[in-house]
Amino acid sequence: MTNDALPAEMQPWLRRWNLTPDGAPIQTHTSVLLPVLSGDQPAMLKVAMVPEEERGAAVLAWWGGEGAARVLALEGVALLMERATGTRFLAQMVASGDDDGATCVLCATAAHLHRPRLHPPANAVPLDTWFAALAPAAAREGGILT
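Residues numbered from 1 in each chain as written. Predicted model: local features only at pLDDT ≥ 70, side-chain atom pairs only at ≥ 80, totals over all residues. Heavy atoms only, no water.

Colleague: Go over the pattern of salt bridges with me, naming the residues and quoting the values.
Modeller: Opposite charge on two side chains makes pairing possible when the charged atoms of those side chains draw close. Under the counting rule described, the total for this entry stands at six salt bridges. A salt bridge links Asp-22 to Arg-83; the nearest nitrogen and oxygen atoms lie 2.8 Å apart. Taken as a pair, Asp-22 in the loop between strand S1 (19–21) and strand S2 (26–27) and Arg-83 in the loop between strand S6 (78–82) and helix H3 (90–95) lie far apart in primary sequence, 61 residues in all. Its relative accessible area of 36% is what places Asp-22 among the partly exposed residues. Here Glu-66 makes a salt bridge to Arg-115, at a shortest N to O gap of 2.9 Å. With a gap of 49 residues between them, Glu-66 in the loop between helix H2 (51–63) and strand S5 (71–75) and Arg-115 in the loop between helix H4 (99–113) and helix H5 (127–130) connect regions that are remote in the sequence. (Salt bridge = Lys/Arg side-chain N within 4 Å of Asp/Glu carboxyl O. Helix = DSSP H or I, 4+ residues; strand = E, 2+ residues; numbered from the N terminus. Buried < 20%, exposed > 50% of the residue type's maximum accessible area, 1.4 Å probe, protein only.)

Okay, here's the thing in structure tokens:
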């Protein structure tokens with residue numbers, strides 16, 4: 001695929017960061033993503049289409065690669081992050097009958113990412129604010145929602 005055939009949102013960032021497309025673009029309702037090479041390093045270029053994704057990129061950078069993809073570049077709506085290239089996938093763990101193992105990986109990662117840290121990004125939404133809408137259901141249903 002030539003650069004001209006890629007979504008227009010990608011063009012300035014491919015040039016600015018000297019990236020080489022390395023796969024087909026992925027369009028979601030919030031972003032456009034493209035597997036790329038940054039030199040010889042596999043990476044993912046993500047261009048946010050909504051403010052929520054821009055805030056998420058700032059949080060990803062704040063995590064500093066600890067439990068999450070390492071951010072290689074971040075500017076405005078564009079994020080360049082390392083691309084997972086391993087051979088183990090959580091979906092494969094589940095498909096092979098290791099749902100408990102996959103769930104443990106997810107829970108350990110979430111616990112690591114959400115441990116107390118100093119100086120969150122100014123535009124980050126605190127988790128108690130983010131999940132406030134769940135309070136009525138938690139009061140009514142109890143269990144894991146509480």
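Colleague: Provide a residue-level description of unusual backbone geometry, including the pertinent values.
Modeller: The phi angle at Asn-18 is positive, at roughly 50°, despite the residue not being glycine. Here Asn-18 is to be found in the loop between helix H1 (11–16) and S1. Since its relative accessible area comes to 64%, Asn-18 is described here as exposed. Even without a glycine there, the phi angle at His-119 is positive, about 55°. Turning to its location among the elements, His-119 is positioned in the loop between H4 and H5. For His-119, a relative accessible area of 67% gives the class exposed.

Colleague: Can you lay out H4 for me, pointing to particular residues and giving the numbers?
Modeller: The end-to-end C-alpha distance of H4 is 21 Å, a good match for the 21 Å that 15 residues give at a rise of 1.5 Å each. Those residues of H4 lying buried are Gly-101, Ala-102 and Leu-113. Down the axis of H4, the sector holding all buried residues measures 105°, keeping them to one side. Facing away from the buried side of H4 by over 90 degrees, the exposed positions are Asp-100 and Cys-104. If you follow the buried residues of H4, they end up packed against H2 and H3. (Expected span 1.5 Å × (residues − 1). Arc of directions from axis to C-beta. Contact = heavy atoms within 4.5 Å.)

Colleague: Hey, could you go over the side chain of Thr-30 for me, with residue numbers and the actual values?
Modeller: Structurally, the position occupied by Thr-30 is in the loop between S2 and strand S3 (31–38). Within polar-contact distance, the side chain of Thr-30 engages the side chain of Glu-53 at 3.4 Å. Those residues in contact with Thr-30, other than ones at most four positions away along the chain, are Val-47, Ala-48, Met-49, Val-50 and Glu-53. (Polar contact = N/O pair within 3.5 Å; in protein donor to acceptor, adjacent residues only side chain to side chain.)

Colleague: Please give an account of the pairing of strand S4 (residues 41–48) that cites residues and values.
Modeller: Counting buried residues along S4, six of its eight residues qualify, which places the element largely inside the surrounding structure. The sheet contact formed by S3 and S4 spans eight bridges and is antiparallel. Across the sheet, residue Ser-38 finds its bridge partner in S4, namely Gln-41. Following S3, the chain reverses through two residues before pairing antiparallel with S4; Gly-39 in that reversal takes a positive phi of roughly 70°. (Pairing = 2+ DSSP bridges.)

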